[in-house]
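Next come the chains, spelled out residue by residue.
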Amino acid sequence: MLVLISGPSGAGKSSFLRELLTREERLTFSVSVTTRPPRAGEVDGTDYRFVTDTEFDRLVAADAFVEWATVHDNRYGTLKEELDRTINAGQIPVLDVDVQGGVQVIDLFGDELVSVFLFPPSWAELERRLRHRSSDAESAIGRRLANARWEVGFADRYRYWIVNDDLDEAVASMRAIVVAERCRRERYATLPLPPPGSPPDPGDNP
Ligand code: ADP
Ligand code: 5GP
């Protein structure tokens, strides 16, 4: 099982994932590679692997990515090796990727994937959050707001929708989804069940 989260920049994906991951031990954040420069407080190898354009080109040429895309003038990608490492450790990878990468991952993994689209409660609140974060230049905020309307157009491709109004409630919804998904019959090994329709043997009754 893999978890995919997408939503417009500023919807609260990072805050939401930070809370979720401290509460769900089996979930592991998939650290993406990016050509974007680090923001204040971001740690290389924890938030992203920050690389040069040349290094990103090399990784693309080496077919190292499950998916990659250009988002707001920078490139971002999920490494195959990152997912393999997490799955081999018995953990569930959580991917925070944009809608272009999200669609690639949805097409690739099908039913193994739990896809979630995170909405802000309103456009006005999205703008307020982007400005409040104050990590981007004014021009970048404008570009992110314009992109947000386009990104929401992809929400139909995702199985679950969560509105990040109250953060705790949004995280509680996500935890409920993880529990439900882990109980899906497809996630169990096949059991030696009788074929459908065969009646119980009356001799088994007391
Ligand atoms: P994203 O990762 O989607 O770009 P962030 O997690 O960086 O978004 O959140 C953008 C801003 O909104 C941050 O300043 C964050 O503290 C704030 N924020 C996130 N979730 C909520 C929420 N539920 N209520 C109020 N503010 C929020
Ligand atoms: P930010 O620069 O705000 O951290 O992220 C900008 C956008 O890039 C967000 O929508 C985020 O989901 C997306 N993103 C982060 N990592 C990846 C990735 O590995 N692949 C893709 N396609 N998008 C990513």
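Only a predicted model underlies this, so the values are computations on that prediction, with no experimental measurement involved.

Asker: Mind laying out the overall build of the protein chain, listing which residues take part and the relevant values?
Answerer: Within the protein chain, the secondary structure is distributed over 7 helices and 9 strands. If you line up the protein chain on its principal axes, its C-alpha atoms span 75 × 40 × 30 Å. Buried positions account for 43% of the 206 residues belonging to the protein chain. Residue pairs in contact within the protein chain that sit at least 24 positions apart in sequence constitute 67% of those at least 6 positions apart. Per element, the accessible surface of the protein chain, about 11500 Å² overall, is 53% carbon and sulfur. Within the protein chain, the 34 negative side-chain charges are centred at a point lying 2 Å from the centre of the 25 positive side-chain charges.

Asker: Outline the side chain of threonine 78, supporting the account with residue identities and numerical values.
Answerer: Position of threonine 78 relative to the elements: it lies in strand β6 (residues 74-79). The exposure class assigned to threonine 78 is buried, which follows from its relative accessible area of 0%. At 2.5 Å, the side chain of threonine 78 and the side chain of glutamate 67 are in polar contact. Setting aside its immediate chain neighbours within four residues, threonine 78 contacts Ser30, Ser32, Ala64, Phe65, Val66, Glu67, Leu83, Leu95 and Val97.

Asker: Got a sec to walk through a negative patch on the surface? Specific residues and values, please.
Answerer: Residues Asp165, Asp166, Asp168 and Glu169 make up a contiguous surface patch of negative charge. Here aspartate 165 lies in the loop between β9 (160-163) and α7 (167-182). Of the residues examined, aspartate 165 reaches a relative accessible area of 54% and is grouped as exposed.

Asker: With reference to specific residues and values, describe the site of ligand 1.
Answerer: Residues in contact with ligand 1 amount to 14 residues; listed here are only the nearest, Gly10, Lys13, Ser14, Ser15 and Arg133. Here lysine 13 contributes a backbone N or O atom positioned 2.8 Å from an oxygen atom of ligand 1. One of the side-chain nitrogen or oxygen atoms of serine 14 is found 2.7 Å away from an oxygen atom of ligand 1. In the complex, 78% of the free accessible area of ligand 1, which totals 570 Å², lies under the protein chains. For the shell around ligand 1, the residue count by class is 3 nonpolar, 7 polar and 4 charged.

Asker: Account for the packing of aromatic side chains, with residues named and values stated.
Answerer: Both the distance between ring centres and the angle between the ring planes are used here to describe each pair of aromatic rings. As enumerated under the stated definition, the model contains 8 aromatic pairs in all. Relative to tyrosine 158, the ring of phenylalanine 117 lies with its centre 5.4 Å away and its plane at 70°, an arrangement referred to as edge-to-face. Taken together, the positions of phenylalanine 117 in strand β8 (residues 113-119) and tyrosine 158 in the loop between α6 (138-152) and β9 put the pair 41 residues apart, joining distant regions of the chain. Note on phenylalanine 117: relative accessible area 0%, which makes it buried. Clustering of aromatic rings is evident, with ring pairs tying together Phe117, Phe119, Tyr158 and Trp161. Between the NZ or CZ atom of arginine 149 and the centre of the ring of tryptophan 123, over which it lies, the distance is 4.2 Å.

Asker: Tell me about unusual backbone geometry, and name the residues and values.
Answerer: In this structure, histidine 72 is a non-glycine residue whose phi angle is positive, near 45°. Here histidine 72 is to be found in the loop between β5 (65-71) and β6. Judged by relative accessible area, which is 11%, histidine 72 ranks as buried. In this structure, aspartate 73 is a non-glycine residue whose phi angle is positive, near 75°. Its location among the elements puts aspartate 73 in the loop between β5 and β6.

Calculation notes
Per chain, residue numbering runs from 1 following the sequence as it is written. Chain letters and ligand numbers both follow the written order, the letters beginning at A and the numbers at 1. Owing to the predicted nature of the model, reporting of local features is limited to residues with pLDDT of at least 70; listing and counting of side-chain atom pairs is limited to 80 or more, with chain, interface and lining totals taken over all residues. Note that water and hydrogens are dropped before the side-chain values are worked out from all heavy atoms of the structure. Strands here are runs of E lasting at least two residues and helices are runs of H or I lasting at least four, both read from the DSSP assignment and numbered beginning at the N terminus. When accessible area is computed with a 1.4 Å probe and restricted to protein chains, residues below 20% of their type maximum are described as buried, those above 50% as exposed, and intermediate ones as partly exposed. Residue contacts are counted whenever heavy atoms from the two residues lie within 4.5 Å of one another. Per-residue and other accessible areas were derived by the Shrake-Rupley procedure at a 1.4 Å probe size, with only the shown protein chains allowed to occlude residues. Asp and Glu are treated as the negative residues and Lys and Arg as the positive ones, with His and the ends of the chain left uncounted. The atoms used to mark charge sites are NZ of Lys, CZ of Arg, CG of Asp and CD of Glu. By the criterion applied in these results, polar contacts are pairs of N or O atoms within 3.5 Å in which, for protein atoms, one can donate a hydrogen and the other can accept it, and in which residues neighboring in sequence qualify only through two side-chain atoms. Each patch is built from salt-bridge-free residues with over 30% relative accessible area, joining like charges within 9 Å and nonpolar side chains (Val, Leu, Ile, Met, Phe, Trp, Tyr) within 5 Å. What counts as a salt bridge is simple: a side-chain nitrogen of Lys or Arg found within 4 Å of a carboxyl oxygen of Asp or Glu. Residues are classed as near a molecule or strand on a simple rule: at least one heavy atom within 4 Å of it. As a working rule, the residues Ala, Val, Leu, Ile, Met, Phe, Trp, Tyr, Cys and Pro are called nonpolar, Asp, Glu, Lys and Arg charged, and the rest polar, with Gly in that last group. Between 30 and 60 degrees the pair is tilted, below 30 it is stacked and above 60 it is edge-to-face, where a pair is any two Phe, Tyr or Trp rings, Trp via its six-membered ring, whose centres lie within 6.5 Å. Distance and angle both matter: a charge sits over a ring if NZ of Lys or CZ of Arg is within 6 Å of the ring centre and within 35 degrees of the ring normal.

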